[in-house]
Amino acid sequence: MSIVEVRNIVKKYPSFELKNVSFNVSEGRITGFIGRNGAGKTTTIKAMLNLIHPDGGEVDYFGKSLLGNEMDIKKHIGYSTGAVNWYPRKKIKDIAAIVSHFYDTWDVDAYNKYLRMFNLDETKTPLELSEGMKVKFNLLMALSHKAEVLILDEPTSGLDPFSRNELLDVFEELKRHGVAVFFSTHIISDIEKCADDIVYISKGSIVAAMTKADFTAKYSGEGESLEDTMLRMERGEFDE
């Protein structure tokens, strides 16, 4: 069942354009959003969250338009990037205490669970965290209010291989509880490990939006890894 519907999103900049971007994100599935740097991944995610105003198109969550229902919808969405935009000099526990007041779904048990899982010291401030730990801190905030949809921009960037695998395991656990996970990445091995569906964007246009199995069957050559397929497709070579 689709719980996020992106329809014909257009965003024009002087040197770049999103061109009628459309795809769905389904409940209880992990969707990998792939494409090279500059392809439009972050712009699309910002449009999905109304952080930028598209020139055209619509985004629906749970069957409701984001426009006009933004405050209610965002109570059910977790969003994270590698950047930390919280209070940089406040302790994590103090930030959590502030953020918890904005969500009636804030779950103290979930907060403590992911605090331990990510090995975060809540007496530290964001300024004291490594780049990888900043990613985990952002996810801690997103996961602690029981979001039904996670929208993550390069969440594994900056993480060591062990921490990346740990995070992908978290995605699998959330999937089992019906959470929709949508994450952008340029690390194709992460997609190969955990994604159910693939949305592939190139030069501002969606090239493919389908299950990973269908994507592999349609585009991959015999014995070809997903990364090999992506590199070939970016060179403009398609096997169909």
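Residues numbered from 1 in each chain as written. Predicted model: local features only at pLDDT ≥ 70, side-chain atom pairs only at ≥ 80, totals over all residues. Heavy atoms only, no water.

Some remarks on the overall build of the protein chain
- Tallying secondary structure elements over the protein chain gives nine helices and ten strands in all.
- Its C-alpha atoms give the protein chain principal-axis dimensions of about 55 × 40 × 35 Å.
- Considering only contacts in the protein chain between residues 6 or more positions apart, those separated by 24 or more positions represent 65%.
- As displayed, the protein chain has an accessible area near 11600 Å², and 48% of this comes from carbon and sulfur atoms.
- In the protein chain, which carries 30 positive and 37 negative side-chain charges, the distance between the mean positions of the two groups comes to 5 Å. (Helix = DSSP H or I, 4+ residues; strand = E, 2+ residues; numbered from the N terminus. Contact = heavy atoms within 4.5 Å. Areas by Shrake-Rupley, 256 points an atom, 1.4 Å probe, with all protein chains shown as cover. Lys, Arg positive; Asp, Glu negative; His and termini not counted. Charge placed at Lys NZ, Arg CZ, Asp CG, Glu CD.)

Looking at unusual backbone geometry
- With a phi close to 60°, asparagine 50 is a non-glycine residue in the positive phi region.
- Structurally, asparagine 50 can be placed in the loop between helix H1 (41–48) and strand E4 (56–61).
- Residue asparagine 50 is classed as buried on the basis of its relative accessible area of 15%. (Buried < 20%, exposed > 50% of the residue type's maximum accessible area, 1.4 Å probe, protein only.)

Notes on the sheet that holds strand E7 (residues 149–153)
- The strand order across the open sheet formed by six strands is E6-E7-E8-E3-E9-E10, and the pairing between neighbours is mixed. With one partner strand each, in any of the chains shown, strand E6 (77–80) and strand E10 (205–211) form the two edges of the open sheet. Going from strand to strand, the sheet's axes swing by 15° on average, the running direction of each strand aside.
- The sheet contact formed by strand E9 (residues 197–202) and E10 spans six bridges and is antiparallel. (Pairing = 2+ DSSP bridges. Axes fitted to C-alpha atoms, helices over the stretch in contact; angles between N-to-C directions.)

Quick word on the pairing of E7
- Along E7, five of the five residues are buried, which leaves the element largely enclosed by surrounding structure.
- Across the two faces of E7 the burial is the same, with Val149, Ile151 and Asp153 and Leu150 and Leu152 all buried.
- For E6 and E7, the ladder comprises four bridges, and the chain directions are parallel. Bridged to serine 80 within E7 is leucine 152.
- Judged from the five bridges that link them, E7 and strand E8 (residues 180–185) form a sheet pairing that is parallel. Bridge assignment links valine 149 to a residue of E8, and that residue is alanine 180.
- Where the polypeptide runs from E7 across helix H6 (residues 161–176) and back to E8, its parallel neighbour, the crossover connection is right-handed. (Right-handed = clockwise from strand over helix to strand, strands pointing away.)

Brief notes about the pattern of salt bridges
- Per the counting criterion, the structure on display carries 14 salt bridges.
- Here arginine 29 and aspartate 197 are joined by a salt bridge, their closest N and O atoms 2.8 Å apart. With a gap of 168 residues between them, arginine 29 in the loop between strand E2 (17–26) and strand E3 (30–34) and aspartate 197 in strand E9 connect regions that are remote in the sequence.
- A relative accessible area of 29% places arginine 29 in the partly exposed class. (Salt bridge = Lys/Arg side-chain N within 4 Å of Asp/Glu carboxyl O.)

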